[in-house]
Amino acid sequence: MDTTPSDSSSDQQSARDDDSMSERLIEGLSSHAVFMLDAGGTITTWPDPAATLYGYDRDATVGHHVDMLFADPEEMETTVDALLTEAADGPIETQHWHRQADETVFWATLSLSPLEDGDPEGFVAVSQDTTEKHQYDKMLERQNDRLKEFTDILAHDLRSPLSVISSRVHLARETGDEEHLDALEETSDRMARLVDDLLSVAKQGNVVTDPETTNVKDVVDTAWEGAGGTTERATLHYDHVGSVSADADRLIELFENLFQNSTRHGDGAVIVRVGPLDHGFYVEDDGPGIPADNQEDVFDHGFTTAEDGSGYGLSIVRTIAGAHGWDILVTDSDTGGARFEITGVEFLD
């Protein structure tokens, strides 16, 4: 009797082996979620790594359109259906916010590849959580923006005192009057202070690549003491914020500059408050506040409304926040003073 398997049996066994190998590969990619879509974008398979990444079980996803995974598909530059149409001609990659079952969002890199060229029967989808890389890229972008701003300010702010020096040197040579030498000394001192401020901005703008667990209460206490004489007529009220992932030294300087801003712009006693937000913390006071017309400008390098101000305190605050990947805005406190809100902060307790 001929016991040689038929070609049909061999093909079936080979197909089963291929399917088994594909399943093992899909299940084994722990850092990725690999799943299948039909030609219309409906999810047809949902392996364990996908369930782990998104938090949805198979019953919640299989049979549903893939756009359920996107946090806000209506705000995308192109529709999910348009992406599927593009993917029919070859592999594509897109990046957008995706939403997990518990409503948490993460930045996902999603690759779509057709099962067949031309008119595919479906797609292989590979999703990966790239939130950390996305945040790092955004921090680098902010740092590059600060660097460009830094060089622009350096060229602009040093041009004026250099012009004064050139003119005074010319007058001193012509007249021999030592009054011009005094002006030269004063101008050179101003340039030195300006260079120190700019170097501080440049240093604080470096992206924080090795943050540590930092107790905000300890940072606030150190910063309040470091603010020195500016806090003599001020009272600090602190509500528990907890610990954050940060560069402690730079965070101290952030608070120091915010405290000095609060205490230097008030005529009398001032109350400064520090407290938590859902995704960050705030610093506010009961002083005169910041006029609405100025609130968009206060973080600009060199902007100040005080006669003796350098205009770099709040600029440094924004730079430090950006180096951590945080956002900062200024608004009014309930008492009409200034309120600074820092968000995008990762809490550790």
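For the structure, check the block above.
The paragraphs below set out a description of the structure included in this document. (Residues numbered from 1 in each chain as written. Predicted model: local features only at pLDDT ≥ 70, side-chain atom pairs only at ≥ 80, totals over all residues. Heavy atoms only, no water.)

### Description of empty space enclosed by the protein
Inference 1: Considering all chains together, one arrives at one cavity of 30 Å³ or more under this definition.
Inference 2: Space inside the largest cavity adds up to approximately 30 Å³.
Inference 3: Forming the boundary of the largest cavity are Val66, Phe70, Val80, Leu83, Leu84, Leu110 and Leu112.
Inference 4: Where the lining of the largest cavity is concerned, the elements lending two or more residues are helix H4 (80-87) and strand S4 (105-114).
Inference 5: The leading source of residues in the lining of the largest cavity is H4, at three residues.
Inference 6: Class assignment of the residues belonging to the lining of the largest cavity gives a composition of seven nonpolar, no polar and no charged. (1 Å grid on protein atoms, 1.4 Å probe; cavity = no way out; pocket = protein on both sides within 12 Å on 5 of 7 lines; lining within 4 Å. Points joined across faces, edges and corners; volume = space filled by probe spheres on them. Helix = DSSP H or I, 4+ residues; strand = E, 2+ residues; numbered from the N terminus. Nonpolar A, V, L, I, M, F, W, Y, C, P; charged D, E, K, R; others polar.)

### With respect to the environment of Lys217
Inference 1: Among the secondary structure elements, Lys217 is positioned in helix H7 (residues 216-226).
Inference 2: The spacing of Lys217 and Ser243 is 26 residues in sequence and 8.2 Å in space, taken between C-alpha atoms.
Inference 3: At a separation of 2.7 Å, a polar atom in the side chain of Lys217 contacts the side chain of Asp221. (Polar contact = N/O pair within 3.5 Å; in protein donor to acceptor, adjacent residues only side chain to side chain.)

### Comments concerning the packing of helix H8 (residues 248-264) against helix H9 (residues 313-323)
Inference 1: Packing of H8 against H9 brings their axes to within 9 Å, and their N-to-C directions diverge by 150°. When the axes of H8 and H9 are compared, the pair comes out roughly antiparallel. Like other packed secondary-structure pairs, H8 and H9 cross with a definite hand, here left-handed. On H9, the residues that touch Arg250, Glu253, Leu254, Asn257, Leu258 and Asn261 of H8 are Gly313, Leu314, Ile316, Val317, Ile320, Ala321 and Ala323.
Inference 2: Residue composition of the contact of H8 with H9, grouped by class: eight nonpolar, three polar and two charged. (Axes fitted to C-alpha atoms, helices over the stretch in contact; angles between N-to-C directions. Parallel < 35°, antiparallel > 145°, perpendicular 65-115°, else oblique. Left-handed = near helix turned anticlockwise from the far one by under 90°. Contact = heavy atoms within 4.5 Å.)

### Things to note about the nonpolar core
Soluble globular proteins tend to pack their nonpolar side chains together in the buried interior.
Inference 1: Leu251, Leu254, Phe255, Phe259, Phe281 and Phe340 are the most contacted members of the largest nonpolar core, which totals 36 residues.
Inference 2: Contributions of two or more residues to this core are made by H7, strand S8 (243-246), H8, strand S9 (270-277), strand S10 (280-285), H9, strand S11 (327-332) and strand S12 (338-343).
Inference 3: Ranked by the residues each element gives to this core, the list is headed by H8, at six residues.
Inference 4: Residue contacts for Phe340: discarding those within four places in its chain leaves Leu258, Asn261, Phe281, Tyr282, Val283, Ile290, Phe299, Leu314, Ile328, Leu329 and Val330. (Core = buried A, V, L, I, M, F, W, Y, C linked by side-chain atoms within 4.5 Å. Buried < 20%, exposed > 50% of the residue type's maximum accessible area, 1.4 Å probe, protein only.)

### Overview of the pairing of S11
Across a regular strand the side chains alternate sides, sitting on one face of the sheet and then on the other.
Inference 1: In terms of strand pairing, S11 meets S12 through six bridges, oriented antiparallel. When the bridges of S12 are listed, Ile328 appears paired with Ile342.
Inference 2: Where S11 hands over to S12, the hairpin turn is made up of five residues, of which Gly336 adopts a positive phi near 90°. (Pairing = 2+ DSSP bridges.)

### Thoughts on the pairing of S10
Inference 1: For S10, a buried count of six out of six residues is recorded, marking the element as mostly surrounded by other parts of the structure.
Inference 2: Neither face of S10 is exposed, since Gly280, Tyr282 and Glu284 on one face and Phe281, Val283 and Asp285 on the opposite face are all buried.
Inference 3: As paired elements, S9 and S10 share six bridges and run antiparallel to each other. Bridge pairing in S10 places Val274 opposite Val283.
Inference 4: If you look at the hairpin formed by S9 and S10, you'll find two residues sitting between the two strands.
Inference 5: Pairing analysis gives five bridges linking S10 to S12, with the strands arranged antiparallel. Residue pairing in the sheet places Val283 in a bridge with Phe340 of S12.

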